[in-house]
Amino acid sequence: MMSFLKQYVMSGVSRHYKDETNRRIMVVNLFSAVGVSITFFLGIRALIGQEFPLAIILLTASITFALSQRIQIHFGTPRSRTVSMTLLITCLMVLVFLLLITGGKDNTGPLWIYLVPPVTMFFAGFVRGLLALLVFTIACTLLFFVFDESLLLTSYTYAFKSRLLYSFLTVTFLSAFYEYSRQKSYETALDLSEQFEQQANHDHLTKLMNRRGCQVTLEREYARIQRSKKVFSIAIADIDRFKSINDTYGHEAGDDVLVKISEIFSSRLRKQDILARWGGEEFMFIFPETTSSEAVNVLEELREALSYSAVAIGDSDIHITSSFGVCEVSCALPLADAIRHADMELYRAKESGRNKVCIG
Ligand SMILES: Nc1nc2c(ncn2[C@@H]2O[C@H](COP(=O)(O)OP(=O)(O)OP(=O)(O)O)[C@@H](O)[C@H]2O)c(=O)[nH]1
């Protein structure tokens, strides 16, 4: 029984959806299950008691609750979820409104009004929920105090109607406050998790992707070429004689140089290319859908631009060069081997005099 209930509440939930979407799907499932059961039970009782108008209202509501849940499960699209929620809220509001008109069983119908604010806020969110509740409150006020003679099929005292509306507004205020705080906490948690994700995948010095983020991007690119059967190219760059910069000008100046080099590289890359800090004074380039000879053209330009740019350290301007090792990645070549080949080419560039682009 419990596992059936759990399965019902979880139906339509997917790990590909955002937490907020899954939460709404579960609430719709849960609410429709409760709504269907209660209205069905009360509808049958009204039928047996020969209260036919009430029975029709309750059984129609029961069918609508069931229908709205089926819509979200059957179509599984954002639009169907909106339709499903709108149907549930409208059905609940109409049901409660009709209970106010008829009085329901022994005039207890108005008691169900307290379900409206939390359910509406849950489903529609703060802003849309408030708007829907405003419309509902106006409709109830008009029913109680303007059209009571012509529309009400039962009678309530003035004190009952006014107290009912006051207490309804109090519950509305509390539900709105709860929903507002819940949304704010959710947004804060989302922001924090994005910040952590950003920090985990980026280098704090150059603000480029770090090795971890780069590895993920490489794997994504590799998975893409398995489907497209195209190629991409990678290159590892290592700043030449960087140790001597640290030794001459200090580690902090070395850090500044790394930032400036990353800016020079980034500013000359094409929009689709990716630059990451691979570690220490090494950078990794990813050139999507690019052959190695095309990548070499881009890198030759970068190499020249770097060697001609004067990098300011304190009062001095220094010229820095970099060596590059390139490898073309195809789906036949394992990614780890491609990285190793690029590293070997970099080693060759260093061995053959530095300030070079080498390709295997
Ligand atoms: N300032 C600074 N230095 C770093 C950082 N990461 C690595 N280094 C330094 O980079 C230097 C790399 O030196 P080596 O690997 O010996 O190579 P190199 O001097 O660049 O010479 P070649 O690569 O052979 O041209 C070392 O002195 C590291 O301490 C960093 O984040 N900041």
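This is a predicted model, so every value here is computed, not measured. (Residues numbered from 1 in each chain as written. Predicted model: local features only at pLDDT ≥ 70, side-chain atom pairs only at ≥ 80, totals over all residues. Heavy atoms only, no water.)

Engineer: I'd like to hear about the UniProt feature "transmembrane region" (unreviewed entry) in the protein, residue by residue, with values.
Structural biologist: UniProt records the feature "transmembrane region" (unreviewed entry) for residues 25–48, 54–71, 83–101, 121–146 and 158–178 in the present numbering. Its end C-alpha atoms 34 Å apart, residues 25–48 is made of 100% helix and 0% strand. Within the segment residues 54–71, helix and strand shares are 100% and 0% respectively, and the terminal C-alpha atoms sit 26 Å apart. (UniProt positions renumbered as here; feature names shortened; annotations may be inferred. Helix = DSSP H or I, 4+ residues; strand = E, 2+ residues; numbered from the N terminus.)

Engineer: Summarise the site of the ligand; cite the residues concerned and give the values.
Structural biologist: Not every one of the 16 residues close to the ligand is listed here, only the nearest: R241, F242, D255, R277 and R354. In this structure, K350 approaches the ligand through a side-chain N or O atom, which is 2.9 Å from an oxygen atom. Of all the secondary structure elements, the ones that give two or more residues to the shell around the ligand are β1 (232–239), α9 (242–249) and α10 (251–268). Among the elements that make up the shell around the ligand, the one with the highest residue count is α10 (four residues). Taken together, the residues that form the shell around the ligand break down as three nonpolar, four polar and nine charged. (Near = heavy atom within 4 Å. Polar contact = N/O pair within 3.5 Å; in protein donor to acceptor, adjacent residues only side chain to side chain. Nonpolar A, V, L, I, M, F, W, Y, C, P; charged D, E, K, R; others polar.)

Engineer: I'd love a proper account of the side chain of Q69, names of residues and values included.
Structural biologist: Relative to the elements of secondary structure, Q69 occurs in helix α3 (residues 52–75). The contact partners of Q69, leaving out residues within four places of it in the chain, are Y8, S11, V28, N29, S32 and S84. (Contact = heavy atoms within 4.5 Å.)

Engineer: Residue-level account of the packing of aromatic side chains, with values.
Structural biologist: Summed over the entire model, instances satisfying the criterion amount to 13 aromatic pairs. On the numbers, 5.7 Å between centres and 55 degrees between planes, the contact of F136 with F168 is tilted. Highlighted residues: F136 in helix α5 (residues 116–145) and F168 in helix α7 (residues 158–201), separated in sequence by 32 residues. Residue classification places F136 among the buried positions, given a relative accessible area of 4%. (Phe/Tyr/Trp six-rings, centres within 6.5 Å; stacked < 30°, edge-to-face > 60°. Buried < 20%, exposed > 50% of the residue type's maximum accessible area, 1.4 Å probe, protein only.)

Engineer: Residue-level account of a nonpolar patch on the surface, with values.
Structural biologist: Residues V127, L131, L134, I138, L142, F145, V146, F147, L151 and Y158 make up a contiguous nonpolar surface patch of roughly 960 Å² in combined accessible area. Among the elements that take part in the nonpolar patch, α5 stands out by supplying six residues, more than any other. On the secondary structure map, Y158 appears in helix α7. Residue Y158 is classed as exposed on the basis of its relative accessible area of 60%. (Patch = residues over 30% accessible without salt bridge, like charges linked within 9 Å, V, L, I, M, F, W, Y side chains within 5 Å. Areas by Shrake-Rupley, 256 points an atom, 1.4 Å probe, with all protein chains shown as cover. Salt bridge = Lys/Arg side-chain N within 4 Å of Asp/Glu carboxyl O.)

Engineer: How would you sum up the pairing of strand β3 (residues 282–287)? Please name residues and give values.
Structural biologist: Along a regular strand, successive side chains alternate from one face of the sheet to the other. For β3, the buried fraction is high: six of the six residues fall into the buried class. The side-chain alternation of β3 yields two buried faces, one formed by E282, M284 and I286 and the other by F283, F285 and F287. In this sheet, β3 lies alongside β1 in antiparallel orientation, the contact comprising six bridges. Counted as the bridge partner of D238 is E282 from β3. Of the pairings in the sheet, the one linking strand β2 (residues 274–279) to β3 comprises five bridges and is antiparallel in character. Residue L275 lies in a different strand from β3, and its bridge partner there is F285. Two successive antiparallel strands, β2 and β3, enclose a turn made up of two residues, where G280 displays a positive phi of approximately 45 degrees. (Pairing = 2+ DSSP bridges.)

Engineer: Can you lay out the pattern of salt bridges for me, pointing to particular residues and giving the numbers?
Structural biologist: Per the counting criterion, the structure on display carries 14 salt bridges. E221 is paired through a salt bridge with R224; the nearest N and O atoms lie 2.9 Å apart. Of this pair, E221 and R224 both sit in helix α8 (residues 211–228), three residues apart, which is roughly one turn of that helix. For R224, a relative accessible area of 41% puts it in the partly exposed group. Because the salt bridges share partners, they merge into one network encompassing D238, D240 and K350.

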